[in-house]
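Now for the letters of each chain:
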Amino acid sequence: MIVAVLGEKGGTGKTTLATNLAGMRATAGRQVLLVDADRQGSASYWAAKRRATTLPAVACLQKFGRALPRALRELAPRYDDVMVDVAAGDSQDLEEVLRVADRVLLPVQPAGLDVWTLGLLDERVAEAHGVNPTLVALVVLNRASSNPRDRDTHDAQAAMAACAHLRVAAVVIRERVAIKRATPGGLSVKEYTPRDAKAAAELAQLYQLAFAEERADHGRSTRNPRPARGYTGQRPRRAAPPQ
Ligand SMILES: Nc1ncnc2c1ncn2[C@@H]1O[C@H](COP(=O)(O)OP(=O)(O)OP(=O)(O)O)[C@@H](O)[C@H]1O
Ligand SMILES: [Mg+2]
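Please read all numbers here as calculations on a predicted model, not as lab measurements. (Residues numbered from 1 in each chain as written. Chains lettered and ligands numbered in written order. Predicted model: local features only at pLDDT ≥ 70, side-chain atom pairs only at ≥ 80, totals over all residues.)

1. Concerning the pairing of strand S6 (residues 136-141)
Item 1. Burial analysis of S6 places 6 of its 6 residues in the buried class, the great majority of the element.
Item 2. Here S6 shows two buried faces, one formed by Val136, Leu138 and Val140 and the other by Ala137, Val139 and Leu141.
Item 3. The pairing of strand S5 (residues 103-108) with S6 spans 6 bridges and is parallel. Counted as the bridge partner of valine 104 is alanine 137 from S6. (Buried ≥ 20, exposed ≤ 12 C-beta atoms within 10 Å, placed from the backbone. Helix = DSSP H or I, 4+ residues; strand = E, 2+ residues; numbered from the N terminus. Pairing = 2+ DSSP bridges.)

Following this line, the structure appears as C-alpha cells:
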C-alpha cells in the first residue's frame with residue numbers, strides 16, 4: 001500500500017506522522033520503504049537515527065521531480081508498504097503522489113488559517129480522482145490542544161465538512177511532548193520512553209485508519225461531521241481568509 005503524508009502548509013506534522021507510521025509498520029513485521037520527498041531530509045534523518053538502534057529498520061530514500069512517481073511505481077511492488085513524506089506546498093510532486101497513492105493523510109492544525117488551506121487540497125484530490133478513483137484522502141487534526149475547554153478542534157472539524165473530497169479522520173492527535181521527542185531519536189512514539197499512553201493510543205488509531213482496508217461499501221471508518229450552524233459551505237478557491 002502507498003500511503004503519503006502531504007499538505008500545502010509547512011510544519012503541520014507531516015514528517016512526524018509519516019515516520020511514526022513507518023516505524024510502527026516496520027515493528028509490525030512489514031517491509032517498509034520511506035520515501036523522503038522533501039529536500040529538508042528530515043525523514044531521512046529519522047531513518048538514519050533508527051538504523052543506529054536495535055529496532056526494525058525502515059529503508060529510506062530521497063526522490064523528487066520526475067524520479068518520484070517513477071520510483072513509487074517501480075519500488076512499491078518490492079515492499080509491503082511505501083510511506084511518502086512530501087514537502088509542503090502545492091507542487092508537481094504533490095500532484096504526482098496523489099495520482100499513485102492508495103491513501104493520503106493531510107495533517108492540519110486546528111486553526112482557521114490552517115484549515116483554510118484544505119480548499120486547494122480538496123481540488124487537487126478531486127483532480128487526482130480522475131486517474132486514481134480509489135484514492136482516500138484523510139484530514140488529520142494534529143497538535144490539537146489537550147485542554148478540554150478548547151473549541152478550536154470542534155470548529156475546525158465543522159469547517160472541514162465543506163471539503164467534498166476529503167474525509168476527516170476520527171482521531172485527533174493532540175500536542176504531546178512524547179510525539180515531539182520521539183522523532184529526533186528515530187523512534188515512533190510507541191517506542192519512546194517515558195511512555196505516553198495517550199499519545200501512543202492516538203497514533204495507534206491513526207495507524208488503523210492509514211492501513212485499514214477499505215470496506216466494499218466504502219463505509220465510513222472515518223466521519224465527516226455536519227457543518228456548524230451558519231456555515232454555508234460556499235468557498236471560492238482563493239479568497240480572503242475567514243474572519
Ligand atoms: N502532535 C504533536 N505534538 C507535539 N509536537 C508535534 C506534534 N506534531 C508535530 N510536532 C512538532 O511540530 C514540528 C513540526 O513537525 P514536522 O516537522 O513533522 O512538520 P512538517 O509538516 O513535516 O514540517 P515541514 O513542512 O517543514 O516539512 C516539529 O517540531 C514536531 O516535533
Ligand atoms: Mg517535514
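Still more ground to cover, so stick around.
2. Quick notes on the site of ligand 1
Item 1. Contacts to ligand 1 come from 19 residues, most closely from Gly10, Gly13, Lys14, Thr15 and Thr16.
Item 2. For the shell around ligand 1, the elements supplying multiple residues, two or more each, are helix H1 (14-27) and helix H8 (177-182).
Item 3. In terms of residues, the shell around ligand 1 owes the most to one element, H1, which gives 3 residues.
Item 4. Considering only residue class, the shell around ligand 1 consists of 3 nonpolar, 10 polar and 6 charged. (Near = placed C-beta within 6 Å. Nonpolar A, V, L, I, M, F, W, Y, C, P; charged D, E, K, R; others polar.)

3. Points about the packing of helix H4 (residues 92-100) against helix H6 (residues 118-129)
Item 1. Their axes nearest at 9 Å, the elements H4 and H6 cross at an angle of 45 degrees. Taken together, the axes of H4 and H6 lie oblique to each other. Here the hand of the crossing between H4 and H6 comes out right-handed. Only Arg124, Val125 and Ala128 of H6 make contact with H4, whose side of the interface consists of Leu94, Glu95, Leu98 and Arg99. (Axes fitted to C-alpha atoms, helices over the stretch in contact; angles between N-to-C directions. Parallel < 35°, antiparallel > 145°, perpendicular 65-115°, else oblique. Left-handed = near helix turned anticlockwise from the far one by under 90°. Contact = placed C-beta atoms within 7 Å.)

4. Let's talk about the environment of alanine 87
Item 1. Mapping alanine 87 onto the fold places it in the loop between strand S4 (81-86) and H4.
Item 2. C-beta crowding within 10 Å serves as the criterion here: with 19 such atoms nearby, alanine 87 is assigned to the partly exposed category.
Item 3. Sequence-wise, alanine 87 and valine 5 are 82 residues apart; in three dimensions their C-alpha atoms are separated by 9.1 Å.
Item 4. With residues near it in sequence (within four places) discarded, alanine 87 still touches Ala37, Asp38, Arg39 and Asp93.

Keep in mind these values describe shape, not function.
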